[in-house]
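# Observations on the three-dimensional arrangement
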Amino acid sequence: MGLISWLSSKLGKSEVPLTDENYNVILGELMSEIHIREVAFWSTINIISNAVSKCEFKTYVKGKETKGAEYYLWNVSPNKNQNSSGFIHELIAKLYQENECLVVEQNGQLLIADSFIQTEYALYDNVFSQVTVGDLTFTRTFTQSEVLYWKLSEQDMRQVINSLYGTYSKLIAYSMKVFQKSRGTKGVFNYDTVPVAGTEERKIFDSLINEKFKKFMESGDAIIPLGKGQSYTDIASKTYSSESTRDIRALIDDISDFTAKAVGVPPALIRGDVQGISDVVDQLLTFCIDPLCDMLQEEINRKRIGQSEYLKGTKTVINTKTIKHIDLFSITAAIDKLISSGCFCVNDIRKAVGDEAINEEWANRYFMTKNYATVEEILESLERGDNIEKDLGT
């Protein structure tokens, strides 16, 4: 398959008949389309990957948070050749690029499959064969219960996006041509007669038309010698005051917006808008990251933990609270309220803001200010005639 055929198949376009004259033009158009699509797609997926890679995979054994081999595997080193961030980036990229991702375990290492064949069954475990990781192709088969397998959705959203772009790309191409046409240099070349074919005069005439005029048009400052009976009249280029490259940029931004919406990412993040960024990040977490992490941890727990141990409190939880940046100086009042209400201890707060816990008994104790009381206690105090404000510390 030639380069043009391969690019056309990737873009879902029918192959155009090629000639020596249109090869470079068609190749350039296809490459431009790929670049626009890839920038939109990978900009979106990198936001998701960066967010998930910031999450902490918290591990619990019988309800108690612990940091053992499983914690190290997910948060530091899943295999010998990747750290956890690189592993998560590859996993998310594979999941969104191919709509599915397979992870196998070999010698205590988690490996993301580059390719595989899945045989599906209704009542038995699906079977994965010809599993390839890098330069290794496993000779054995894997059953569903032996692997971690995620399928993003029933409909491959990247194919839907590409289909949408197939229509939208025509608008972009048209806008580019209109812009170039409105800024192009135009003129009229007058001549008395065309020299006889095959003569030296005809060769000079053809060279003037095909080569010298082209260089003349492309040069910033230039002159062109003309023969007897020949003249050139420049036609001023028509410039549209309301038309600019920003119009084309807006169409390309639409592609990024469509791509972001398709996978649940707020388009404002792709555009780099900072106004209302806190609400935008909350939307990202609520409708994209949290559901994705739920799907990831459910597969991890059902395959690596199992029903029996899970019901006893042994599990892996992906903590998405670590994604959003926390400015300590802006939340001091909230921290005070959380501790004084008895909702969290000091070490709980330190962990939430990314600091190490304090190895002191008092840091794990819960405190509550005296200005909290039950309704019953307040009514009893009123009946006794006590000073409510004094008792509550207000």
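Summary of the structure given here. Given the structure is predicted, the values throughout are model-derived calculations rather than measurements.

Our focus in this paragraph is helix H4 (residues 84–98). Compared with an ideal rise of 1.5 Å per residue, which puts 15 residues at 21 Å, H4 spans 21 Å between its outermost C-alpha atoms and is within 8% of the ideal. Considered for burial, the residues of H4 that qualify are Ser84, Phe87, Ile88, Leu91, Ile92, Ala93, Lys94, Leu95 and Tyr96. Near the N-terminus of H4, the side chain that reaches the backbone nitrogen of Ser85, with its oxygen 3.2 Å away, is that of Asn83. Once H4 ends, the next one or two residues include Asn99, with phi positive near 70°.

This paragraph deals with the environment of Asn99. One can find Asn99 in the loop between H4 and strand E3 (100–106). Of note is the side chain of Asn99, whose polar atom sits 2.8 Å from the backbone oxygen of Ser153.

Its location among the elements puts Asn364 in the loop between helix H12 (346–352) and helix H13 (375–384). Sequence separation of Asn364 and Cys345 is 19 residues, and the distance between their C-alpha atoms is 5.6 Å. Setting aside anything within four residues of it in sequence, one finds Asn364 in contact with Cys345 and Asn347. For Asn364, the side chain forms a polar contact with the side chain of Asn347, separated by 2.7 Å.

The next subject is the sheet that holds E3. With antiparallel pairing, the three strands of this open sheet are ordered in space as E4-E3-E9. Edge positions in the sheet fall to strand E4 (109–112) and strand E9 (148–151), since each has one partner strand and no second. Along the sheet, successive strands turn relative to each other by an average axial angle of 20°, direction set aside. In the packing of helix H9 (residues 277–305) onto the sheet, contacts are made with E3, E4 and E9, and the angle to E9 comes to roughly 150°.

Here is what the cut-offs are and how they apply
Residues numbered from 1 in each chain as written. Predicted model: local features only at pLDDT ≥ 70, side-chain atom pairs only at ≥ 80, totals over all residues. Heavy atoms only, no water. Helix = DSSP H or I, 4+ residues; strand = E, 2+ residues; numbered from the N terminus. Expected span 1.5 Å × (residues − 1). Buried < 20%, exposed > 50% of the residue type's maximum accessible area, 1.4 Å probe, protein only. Polar contact = N/O pair within 3.5 Å; in protein donor to acceptor, adjacent residues only side chain to side chain. Contact = heavy atoms within 4.5 Å. Pairing = 2+ DSSP bridges. Axes fitted to C-alpha atoms, helices over the stretch in contact; angles between N-to-C directions.

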